[in-house]
Amino acid sequence: MEHDVLLDPAYTVPTVPTAARGVAWLRAHVARFSEGADHARRRALAEDLLAGVDTAALRRPGHAVAKLAAELGLPRVVVGDVAAVARCYQPHTPVTAEADAAVARLVEWCGGAWDEPTAARIGLLVQASAAMEAVVAGAVPPVPATRRVAPDGAVVEVPLTGAPFGAGRHACPGRAHAEALTAGAFHRLHDGPAPLVLPNAWDHASAAALVDAGFAAIGTTSLGVAAAAGLPDAAGVARAETVALARRLVRLPVAVTVDVEAGFGDVRGVAAELADLGVVGVNIEDGRGAALADPVEQAALVRACKDAAPHLFVNARVDTHWLGVDRGSTVERALRYVDAGADGVFVPGLVDEGEIAAVVAAVPVPLNVLAQRDVRTLAELGVRRVSTGSLLFRAALGATVATARAVRDGEPVGEVPSYADVRRLSG
């Protein structure tokens, strides 16, 4: 059996050179690329770290690396650095200056010591990053193969089909943790008995309040983000504000998905940037003002997004009903975007029960609609995600004006969160 190689001590992992800094230092100080006493000692360090991780916390929705980092005592903002290192982690891959700099920052986050305990913490995060990206992208097994050096010096590639966690002395020590992280993947929230109700925030306070209310995932509203900054929505001018908000929201202990309008003219770049922050998904729309994008060109944007960040949940928005333009092309557009890699389809303005059921039947990915019908009815029709869109932002504006008028007119003010409540939300 090909997996017997993994059990044979005569077949060793490829050796890596020693190094004092960077990715090369990390490779030289983790159990993954060690043998003998070094391997036993370093594996024990990793196992001790994993023993202190609460797998229940890993099952909660959110970015896998961000959750594991928090359990290992590191801030969620390390996601980008971990991803940069993961791309260069294997000994047969070239190392970039970006990855070496990322290792240095991760060491500082771990306390500044370039030692084996630090390498063990970083190594766990790096391996989780690579594996979870593959899992969410649908790779089976997530790590397709591993390498061993035969007694005669030949390098043997061992397929891991049927043994996704390896075997023998180098078997993954965190199988339970990996399975918990997989269970908490954002994609899985669309598989529950009821639709995922996704409220859309426009700043940190609104998102934190929604998290405090128990919502498992938060989206952003492009109208709210743009309007709060004094910018027009859907004009492609709010990229900086969108990314800045995402950078704040990923510190929250939930999954965060971001509305990127039509991609801000750089869908590949913005997708990669958001993924490295720890965002789990994006919405990308095919509306262009009062018209629709060419579906072939829009499909290319969807594919570029997936190519740049394969593990992102790409929710392809079809604006036929929202704009009232070419509604008959809804299913055709949706299927084209699915073929390009979309993980879900969002049809705002789709409210007719028969039309909703028809889209659900025709499209093989989760259907997302706005909260324009009762959630129970939408569940019965097969809708898998219900977004509030700009509703909460508009409701907040309405409540703001109503409260100001009540003060001006000497009328009672309704119940509002206290100063202390809001201050608590900001940490």
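Residues numbered from 1 in each chain as written. Predicted model: local features only at pLDDT ≥ 70, side-chain atom pairs only at ≥ 80, totals over all residues. Heavy atoms only, no water.

(A) Geometry of helix 13 (residues 267-277). For helix 13, the complete set of buried residues consists of Val267, Val270, Ala271, Leu274, Ala275 and Leu277. Projected down its long axis, helix 13 carries its buried residues within an arc of 155 degrees, all on one side. The secondary structure elements touched by the buried residues of helix 13 are helix 6 (79-86), helix 12 (239-249), strand 6 (255-259), strand 7 (281-285) and helix 14 (295-308). Within two residues after helix 13, Gly278 carries a phi angle of roughly 110 degrees, on the positive side. (Buried < 20%, exposed > 50% of the residue type's maximum accessible area, 1.4 Å probe, protein only. Helix = DSSP H or I, 4+ residues; strand = E, 2+ residues; numbered from the N terminus. Arc of directions from axis to C-beta. Contact = heavy atoms within 4.5 Å.)

(B) Focus on the side chain of Thr146. If you trace the backbone, Thr146 turns up in strand 1 (residues 145-149). In contact with Thr146, other than residues within four places in its own chain, are Leu6, Arg32, Val156, Glu157, Val158 and Leu160.

(C) How the structure looks around the sheet that holds strand 12 (residues 367-370). Strand order in the open sheet made by the 9 strands is 3-13-12-11-10-7-6-5-4, with parallel pairing throughout. The sheet is open, and its two edges are formed by strand 3 (196-198) and strand 4 (200-201), each paired on a single side. Of the strand pairs in this sheet, strand 10 (residues 313-317) and strand 11 (residues 344-346) are connected by 3 bridges, and their pairing is parallel. Bridging across to strand 11, Ala316 finds its partner in Val345. Together, strand 5 (217-220) and strand 6 form the strand contacts of helix 12, whose direction differs from that of strand 6 by roughly 175 degrees. (Pairing = 2+ DSSP bridges. Axes fitted to C-alpha atoms, helices over the stretch in contact; angles between N-to-C directions.)

(D) Quick peek at the packing of aromatic side chains. For the coordinates displayed, the defined rule picks out 4 aromatic pairs. The interplanar angle of 75 degrees and the centroid separation of 4.8 Å between the aromatic rings of Trp25 and Trp114 together place this pair among those described as edge-to-face. Of the two residues, Trp25 is situated in helix 2 (residues 22-28) and Trp114 in the loop between helix 7 (97-109) and helix 8 (116-136); the sequence distance between them amounts to 89 residues. Since its relative accessible area comes to 24%, Trp114 is described here as partly exposed. Taken together, a centroid distance of 5.2 Å and an interplanar angle of 55 degrees make the contact between Phe33 and Tyr89 tilted. With Phe33 in the loop between helix 2 and helix 3 (36-51) and Tyr89 in the loop between helix 6 and helix 7, the pair connects residues that are 56 residues apart, well separated along the chain. Judged by relative accessible area, Phe33 falls into the buried class, the value being 7%. Directly above the aromatic system of Trp114 lies the positively charged group of Arg21, at a separation of 4.3 Å from the ring centroid. (Phe/Tyr/Trp six-rings, centres within 6.5 Å; stacked < 30°, edge-to-face > 60°. Lys NZ or Arg CZ within 6 Å of the ring centre and 35° of its normal.)

(E) Highlighting helix 6. With 8 of 8 residues buried, helix 6 lies mostly within the body of the structure. Looking at helix 6, one finds that the buried residues are Val79, Gly80, Asp81, Val82, Ala83, Ala84, Val85 and Ala86.

(F) Representation of the pattern of salt bridges in the model. Applying the stated rule across the entire model yields 20 salt bridges. A salt bridge links Arg147 to Glu157, with the nearest nitrogen and oxygen atoms 3.8 Å apart. In this pair, Arg147 is assigned in strand 1 and Glu157 in strand 2 (residues 155-159), connecting sequence segments 10 residues apart. Taking the relative accessible area as the measure of exposure, Glu157 reaches 53% and is therefore exposed. Via salt bridges that share partners, Asp38, Arg41, Arg42 and Glu116 belong to a single interconnected network. (Salt bridge = Lys/Arg side-chain N within 4 Å of Asp/Glu carboxyl O.)

(G) Fine view of the state of the cysteines. The tally for this structure, following the rule as stated, stands at 0 disulfides. With no disulfide of its own, Cys88 has Cys110 as its nearest cysteine by sulfur position, at a separation of 18 Å. (Disulfide = S-S within 2.5 Å.)

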